[in-house]
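Working through the structure, step by step
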Amino acid sequence: MKHLECSISTQKEYVLGNELSVKISVKNVSEENIALLKWNTPFEGLLSHVFKINIGENQALPYDGILIKRGNPQKKDFIMLKPGEEITQTVDITNAYFINQVTNHEIKVDFMGLYFVSENNEYPDTSGSKKPYVVHLESEGQIIKITPNNSAPKMTTGMVARLHDNHSLIPGNKFEKSSPSLGQTLRPVFIGGSKAEQDTVTINHFKAKLATGESLNNLKVYASSENRKYIEWFGMQEFKRYLEVMKVYGKIKDSFETVTITYNLEEGRDMDCYGYTFKNSSKIWLCKKFWTAPDSGFDTKFGTIVHEMSHCRASTDDIVYGVQEARDLARIYPDKAIENADSYEYFTESL
Ligand SMILES: [Zn+2]
């Protein structure tokens, strides 16, 4: 049954260097009360890859904003929608999508919605046995004409974060290798944190490297047979997707060996999440939930590092969060699962 529908509206023309506001609407088209999780939707602001922006025939703009790993949702993370009710939100897409080409852009909103049907319009009990719905929400596309300007294109938050890194500003460009070494893991460096905290992160950094290697080995060994772990987290084995997953793990492993990762233990300290980073960066911010994360099972300390490395070194996104949600994604939307950071984390943690 269809519960939700979405649409967007925006200006027809855009002058480079300015803001570009897009208004997103989601409507409850069912007869039931819906509790929609705000995470990974435009309704928390532009904090994840929720737009599909195509230039010309088939070039899509990558998301270049903040990438956050969160814990379990609380009541405040949901929006209640009565039958027929509609919510809207306006975001400036230039904060996370780098627009610098003078050619038509087609913009649509495109994200995975996670929601509960709520009998009495009350907030869902997410710890209970009730399973959420995971649905692909996509609007119609809108064409925007881009007009040049004398001023520079607007920088994304990812570009600002990378300003002091010693490699390319533009997402997707080749990473520079900072020092060639064979199979060695480079020691990370730190901003802030006690000696004990830095040691904990270093141990888990090395552990994450080992686990990434094991993940790659698993994929190689079971490439031509039925790989149950792969199917669990990335969906049906299809050659192109399988290669893509190997490529992501390959990039993460390479980065452990050739890029000095900086952990910032200071700036996001009090944030109620595990950590965050930006694409093509070599910095990872670790936050409150990281320190209480377990050493084995799911959502571990080393798994968090694999998750963040998949973002900053292999350009994954956060499509859904959580173990059950990632399994559902693999089953229903394998094309999305291979882009989802938690799917990489859980595959690695489940080996
Ligand atoms: Zn993430």
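Scroll up to find the structure.
On a predicted model such as this, the values are computed, not experimentally measured, just so you know.

What about the overall build of the protein?
Counting its regular elements, the protein contains nine helices and 16 strands. What you see for the protein is a C-alpha radius of gyration of 20 Å, in line with the 20 Å of a compact globule of 351 residues. Scored against the burial criterion, the 351 residues of the protein give a buried share of 41%. Considering only residue pairs separated by 6 or more positions, the protein has 75% of its internal contacts joining residues 24 or more positions apart.

Notes on the sheet that holds strand 3 (residues 21–28)
Spatial ordering of the open sheet is given by 1-3-9, a layout of three strands whose pairing is antiparallel. In the strand order of this sheet, the two ends are held by strand 1 (4–10) and strand 9 (86–92), each with one partner. On average, adjacent strands in this sheet sit at an angle of 20 degrees to one another, irrespective of strand direction.

Re the packing of helix 2 (residues 195–221) against helix 4 (residues 239–258)
In a pair of packed helices, the angle between the axes and the distance between the axes together describe the arrangement. Axis separation between helix 2 and helix 4 bottoms out at 9 Å; the angle between their running directions is 150 degrees. The angle between helix 2 and helix 4 places the two elements in the roughly antiparallel class. For helix 2 against helix 4, the interelement crossing comes out left-handed. Across from Lys-209, Thr-212, Gly-213, Ser-215, Leu-216 and Leu-219 in helix 2, the residues of helix 4 making contact are Val-245, Met-246, Tyr-249, Gly-250, Ile-252, Lys-253 and Phe-256. Considered class by class, the residues forming the contact of helix 2 with helix 4 number seven nonpolar, four polar and two charged.

A few points about the pairing of strand 12 (residues 142–147)
By the bridge criterion, three bridges tie strand 2 (residues 13–15) to strand 12 in an arrangement that is parallel. Its bridge partner being in strand 12, Val-15 is matched across the sheet by Thr-147.

Quick notes on the environment of Val-22
Counting through the fold element by element, Val-22 comes out in strand 3. Through-space distance from the C-alpha of Val-22 to that of Ile-107 is 9.2 Å; in sequence the pair is 85 residues apart. Leave out the neighbours within four places in its chain, and Val-22 touches Ile-8, Thr-10, Thr-90, Val-91, Ile-93 and Ile-107.

Overview of the sheet that holds strand 15 (residues 275–277)
Taken together, the five strands give an open sheet; going across it, the order is 7-15-16-14-13, and neighbouring strands pair in mixed fashion. In the strand order of this sheet, the two ends are held by strand 7 (67–69) and strand 13 (189–191), each with one partner. Taking each pair of neighbouring strands and ignoring which way they run, the sheet shows an average axis angle of 25 degrees. With three bridges joining them, strand 13 and strand 14 (residues 262–264) adopt parallel strand pairing. If you follow Phe-190 over to strand 14, its bridge partner there is Tyr-263.

Looking at unusual backbone geometry
Although it is not a glycine, Asn-280 adopts a positive phi angle of roughly 60 degrees. Counting through the fold element by element, Asn-280 comes out in the loop between strand 15 and strand 16 (283–286). Positioned with a positive phi, Ser-315 is a non-glycine residue whose angle comes to about 60 degrees. By the element assignment, Ser-315 lies in the loop between helix 6 (301–314) and helix 7 (323–332). Residue Ser-315 is classed as buried on the basis of its 20 C-beta neighbours within 10 Å.

With respect to helix 2
In this model helix 2 runs 39 Å from its N-terminal to its C-terminal C-alpha over 27 residues, within 8% of the 39 Å that 1.5 Å per residue would give. Of all the positions in helix 2, only Val-201, Asn-204, His-205, Ala-208, Lys-209, Ala-211, Thr-212, Ser-215 and Leu-219 are classed as buried. On its buried face, helix 2 sits against helix 3 (228–234), helix 4, strand 14, strand 16, helix 6 and helix 9 (341–349).

Digging into the pairing of strand 3
Here is the key point about a regular strand: its side chains alternate between the two faces of the sheet. Of the two faces of strand 3, only the one carrying Val-22, Ile-24, Val-26 and Asn-28 is buried; Ser-21, Lys-23, Ser-25 and Lys-27 on the other face are not. Bridge count for strand 1 against strand 3 is seven bridges, and the pairing is antiparallel. Each residue of the ladder has a partner; that of Cys-6, found in strand 3, is Val-26. Pairing analysis gives seven bridges linking strand 3 to strand 9, with the strands arranged antiparallel. The residue bridging Ile-24 from the neighbouring strand is Gln-89, located in strand 9.

The rules we used
Residues numbered from 1 in each chain as written. Predicted model: local features only at pLDDT ≥ 70, side-chain atom pairs only at ≥ 80, totals over all residues. Helix = DSSP H or I, 4+ residues; strand = E, 2+ residues; numbered from the N terminus. Rg over C-alpha atoms; globule rule 2.2 N^0.38 Å. Buried ≥ 20, exposed ≤ 12 C-beta atoms within 10 Å, placed from the backbone. Contact = placed C-beta atoms within 7 Å. Pairing = 2+ DSSP bridges. Axes fitted to C-alpha atoms, helices over the stretch in contact; angles between N-to-C directions. Parallel < 35°, antiparallel > 145°, perpendicular 65-115°, else oblique. Left-handed = near helix turned anticlockwise from the far one by under 90°. Nonpolar A, V, L, I, M, F, W, Y, C, P; charged D, E, K, R; others polar. Expected span 1.5 Å × (residues − 1).

Note that every value here comes from positions in space, so none of it alone points to a role or purpose.
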